[in-house]
Structure formats: structure tokens, C-alpha cells
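Structure at a glance
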Amino acid sequence: PGQKRLIKEMKFLREIVEKTHAARKKAKIPVKQPLQSIEVVSPIRILDKELLELAKEELNIHEIHWLRGKELFVKLNTQIGLRLKEEAKTRILIRKIQKERKSQGLDLGQKVNLTNPWWPEDKKLRQIILTKTLGRKLNKGNFEVEKVER
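Residues numbered from 1 in each chain as written. Predicted model: local features only at pLDDT ≥ 70, side-chain atom pairs only at ≥ 80, totals over all residues. Heavy atoms only, no water.

1. Observations concerning a positive patch on the surface
A grouping of Lys32, Arg91, Arg95 and Lys132 is seen on the molecular surface, where their side chains present a positively charged patch. Within the secondary structure, arginine 95 is located in helix 3 (residues 82-103). (Patch = residues over 30% accessible without salt bridge, like charges linked within 9 Å, V, L, I, M, F, W, Y side chains within 5 Å. Areas by Shrake-Rupley, 256 points an atom, 1.4 Å probe, with all protein chains shown as cover. Salt bridge = Lys/Arg side-chain N within 4 Å of Asp/Glu carboxyl O. Lys, Arg positive; Asp, Glu negative; His and termini not counted. Charge placed at Lys NZ, Arg CZ, Asp CG, Glu CD. Helix = DSSP H or I, 4+ residues; strand = E, 2+ residues; numbered from the N terminus.)

Written as C-alpha cells, this is what we have:
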């Protein structure tokens, strides 16, 4: 019974993801822009925590709020505050750093010092940059990814 429920929840989750992507497209909000939450009106609720985390990651959404209803409906919380804007800029910056690492031919374990005109105010976001890019130091200035000698 657990396996059948999981398969049913996965199919249902796919519908939610599709409807959310469609709603984002209609609202002209790209997936790279994080959203605080979505509201899912639905006759069933997904209980599997791993599936929900996967959905939040795929949709770039922090919270899913469930409301009981006869038909599946998804509503986006389109309020994008400074924190969410900073998150989006951080994701773009991480991609830029990774692209530069690749163009320099750095191996996966190579630590780097990072220089950029802008860094997030939020310490957690700065830590995410360091972790995902193997950064050792964040400096202000023109964009540069500099190999750290071992």
C-alpha cells in the first residue's frame, strides 16, 4: 500500500509542478526567481516529506500551503521582497562563478578566492556561495575567480 500511495503522490506532484510552471510563465516570473510560497487547493495532500522537498527545490519555492478543495488549483505568492531578489542574484552569481571555474579548467576540489562588485547582505547566502563554488574568500572589486595555491 505504501508503494501505491507514493506512486499516486508522485503523479499528483507532477501535475502540481506543471501547473506551477504554467502559473509562473503566465505571471512572467522565471524559475530562477525564488518565491516565498504557493497555495495548493486540492482534494488530496502529499504527505511524503522527500517528495515535497523535491518539489520545493524544482519550483524554487520556500513553502507549500495546502487547502482542501474539489479541484487542483495552484496560486503563486508573487510578492518578491529584497531577500528573494538577493537569492535570485546569488544563484545567478554562483552560475557565473562556476562557468568561470570551468573556463579556467579548475579541478573540482580546487579552492578559489572570489572578487565581485556585489555580495549578498545575508550571511547564509554568502556561505552558500563559498560552499557551492569552493570559495575561500569574498573580496569586493571587478569580477575575478582566482585559484588558491595549495
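2. So, helix 2 (residues 49-59)
Within helix 2, burial applies to Leu51, Leu52, Ala55 and Leu59. All buried residues of helix 2 lie within an arc of 100° about the axis, which places them on one face of the element. Opposite its buried face, helix 2 presents the exposed residues Lys49, Glu50, Leu54 and Glu57, each directed more than 90 degrees away. Next to the buried residues of helix 2 lie helix 1 (2-27), strand 1 (35-42) and strand 2 (61-68). (Buried < 20%, exposed > 50% of the residue type's maximum accessible area, 1.4 Å probe, protein only. Arc of directions from axis to C-beta. Contact = heavy atoms within 4.5 Å.)

3. Concerning the sheet that holds strand 4 (residues 112-116)
Spatially, the three strands line up as an open sheet ordered 5-4-6, and their pairing is mixed. A strand with exactly one partner marks an edge of an open sheet, and here the two such strands are strand 5 (135-140) and strand 6 (144-147). Averaged over all neighbouring strand pairs, the angle between strand axes comes to 20°, with direction disregarded. With four bridges joining them, strand 4 and strand 6 adopt antiparallel strand pairing. Looking at strand 6, one finds that leucine 114 is bridged to valine 145. Of the strands in this sheet, strand 4 and strand 5 touch helix 4 (residues 123-133), which is tilted by about 130° from strand 5. (Pairing = 2+ DSSP bridges. Axes fitted to C-alpha atoms, helices over the stretch in contact; angles between N-to-C directions.)

4. A short note on the nonpolar core
One finds Phe12, Ile16, Ile38, Val40, Ile46, Ile64 and Trp66 to be the most contacted residues of the largest nonpolar core, which totals 19 residues. Within the residue set of this core, elements represented by two or more residues are helix 1, strand 1, helix 2, strand 2 and strand 3 (73-76). In this structure, Ile94, Leu106, Val112 and Val145 belong to the second largest nonpolar core, which totals nine residues. (Core = buried A, V, L, I, M, F, W, Y, C linked by side-chain atoms within 4.5 Å.)

5. Considerations on unusual backbone geometry
A positive phi angle is found at lysine 28, which is not glycine, with a value near 60°. If you trace the backbone, lysine 28 turns up in the loop between helix 1 and strand 1. One non-glycine residue with positive phi stands out, namely asparagine 60, at about 60°. Among the structural elements, asparagine 60 can be located in the loop between helix 2 and strand 2. Overall, the relative accessible area of 9% leaves asparagine 60 in the buried class.

6. With respect to the sheet that holds strand 3
Sheet strands pair by backbone hydrogen bonding; their relative direction is either parallel or antiparallel. Reading across from one edge, 2-1-3 is the order of the three strands in this open sheet, with mixed pairing throughout. Two strands bound the open sheet, and with one partner strand each, they are strand 2 and strand 3. Direction aside, neighbouring strands of the sheet carry axes that sit 20° apart on average. Where strand 1 and strand 3 come together, four bridges link them in antiparallel fashion. Among the inter-strand pairings, valine 40 is bridged to a residue of strand 3, identified as valine 74. Contacts from helix 2 reach strand 1 and strand 2, with the element oriented near 120° to strand 2.

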